[in-house]
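Residue-level structure breakdown
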Number of protein chains: 2
Amino acid sequence: MRRAATVYMYFPQRPSAIYDVRVLIELDHASSTPLYEQVAAAIRREIAEGALRGGDELPSARTLAGALGINLHTVLRALRVLRDEGILDIHHGRTARVVAGASADQALFHQALGAAAAHGRRLGLSAEDAARYLTQAYGT
Amino acid sequence: MRRAATVYMYFPQRPSAIYDVRVLIELDHASSTPLYEQVAAAIRREIAEGALRGGDELPSARTLAGALGINLHTVLRALRVLRDEGILDIHHGRTARVVAGASADQALFHQALGAAAAHGRRLGLSAEDAARYLTQAYGT
DNA sequence: CGCACTGTTCTATTTCATATAGAACAGTGT
DNA sequence: ACACTGTTCTATATGAAATAGAACAGTGCG
């Protein structure tokens, strides 16, 4: 869950209103994990939390890049990662959509897999060995 | 689990003997994970599997570097990583030793695997599919 | 159709972690 | 004393990540 903050700011278009702002994506340029991975993880989390649902349209890559203050190509790389995971549906002239079947569960699954893979790598286990252990854990 | 191989080789110092060789550390120069992390992971695994126990002495960094065909500084960096994790005890003129208490990593790994398996089952994924996704998440 | 969007592809450049190399230094134990 | 150990220093080569800009090609809408 992302922290929500009540922000006091004056919007000329909509005066006399106070908004509860939820941080959707927050990047850490100092982190060792690549920016494109951070973006992909953020979108996965949004899907997992239900903020993004199947069929939902994402903002264009250029829009995201502008809002996040990062390069277009960095965003596109993140989108491609999610496409390869079957989470996003990307076509040429259209904007990216969340795959219908890509429920919150699928995003959570990939999130859990990523954590498990990280632990496995830390232990020096090969991908094959980790996969074998997962199959074993499945049977339980 | 590391594969064990029976190797046929003639040692003049010890003739008439066949050895069962277990690969302790194997590096992949093409991998995206840094060499020093691979070395650290290998040592973590040896500890997790009981091949290295608390108080055990490691070979000198120069010896390891020579045997692995990598640079001294790369090995030293791996050792420093493990020292910062409280796994190794390193002092100036002495060779590194394994700290007495070590490794909840393996438990964490299996814990993460269990969570991933639970999610996979919830999605109706087969064990084979989940294992395939894990291999993909591993990335190499 | 015309137009403004979309993602795609290409070349180039900058930056930084990784890895290498070699030398000199300083602590440890026999 | 001596042969080992890790430590520290400078230097260089390499590749991934990120940026930048341009041109290309598909989509949807008035």
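The following paragraphs examine the structure supplied in this document. (Residues numbered from 1 in each chain as written. Chains lettered and ligands numbered in written order. Predicted model: local features only at pLDDT ≥ 70, side-chain atom pairs only at ≥ 80, totals over all residues. Heavy atoms only, no water.)

1. Observations concerning the overall build of chain A
Stated formally: Each helix is a run of H or I in the DSSP string that is no shorter than four residues. Each strand is a run of E no shorter than two, and both are numbered from the N terminus. The buried label applies to any residue whose accessible area, calculated with a 1.4 Å probe on protein chains only, is under 20% of its type's maximum; exposed applies above 50%, and partly exposed to all values in between. Note on contacts: a residue pair is in contact if any heavy atoms of the two residues lie within 4.5 Å.
The helix and strand inventory of chain A stands at five helices and four strands. Sorting the 140 residues of chain A into buried and exposed places 34% on the buried side. For chain A, the share of sequence-separated contacts (at least 6 apart) that also reach a separation of at least 24 residues comes to 47%.

2. Considering the protein's contact with DNA strand C
The condition is simple: We call a residue near a molecule or strand as soon as one heavy atom of that residue lies within 4 Å of the molecule or strand. N or O atoms within 3.5 Å of each other form a polar contact, as long as, within protein, one can give a hydrogen and the other can take it, and as long as residues adjacent in sequence are counted only when both atoms are side-chain atoms. Gly counts as polar in this scheme, as do all residues outside two lists: the nonpolar Ala, Val, Leu, Ile, Met, Phe, Trp, Tyr, Cys and Pro, and the charged Asp, Glu, Lys and Arg.
The full set close to DNA strand C counts 25 residues, and His92(A), Leu35(B), His73(B), Thr74(B) and Arg77(B) are the nearest of them. In the interface set of DNA strand C, defined as its atoms within 4 Å of the protein, sugar plus phosphate atoms amount to 63%. In this structure, His73(B) approaches DNA strand C through a side-chain N or O atom, which is 2.5 Å from a base oxygen. Between His92(B) and DNA strand C, the recorded distance is 3.3 Å, taken from a side-chain N or O atom to a base nitrogen. Class assignment of the residues belonging to the surface near DNA strand C gives a composition of seven nonpolar, twelve polar and six charged.

3. Regarding the protein's contact with DNA strand D
Neighbouring DNA strand D are 25 residues; Leu35(A), His73(A), Thr74(A), Ser60(B) and His92(B) lie closest to it. At 3.1 Å, a backbone N or O of Asn71(A) approaches a phosphate oxygen of DNA strand D. Contact distances for DNA strand D include 3.4 Å between a base nitrogen and a backbone N or O atom of Gly93(A). Counting residues per element, the ones that place at least two in the surface near DNA strand D are helix 1 (35-48) and helix 3 (72-84) of chain A together with helix 2 (61-68) and helix 3 (72-84) of chain B.

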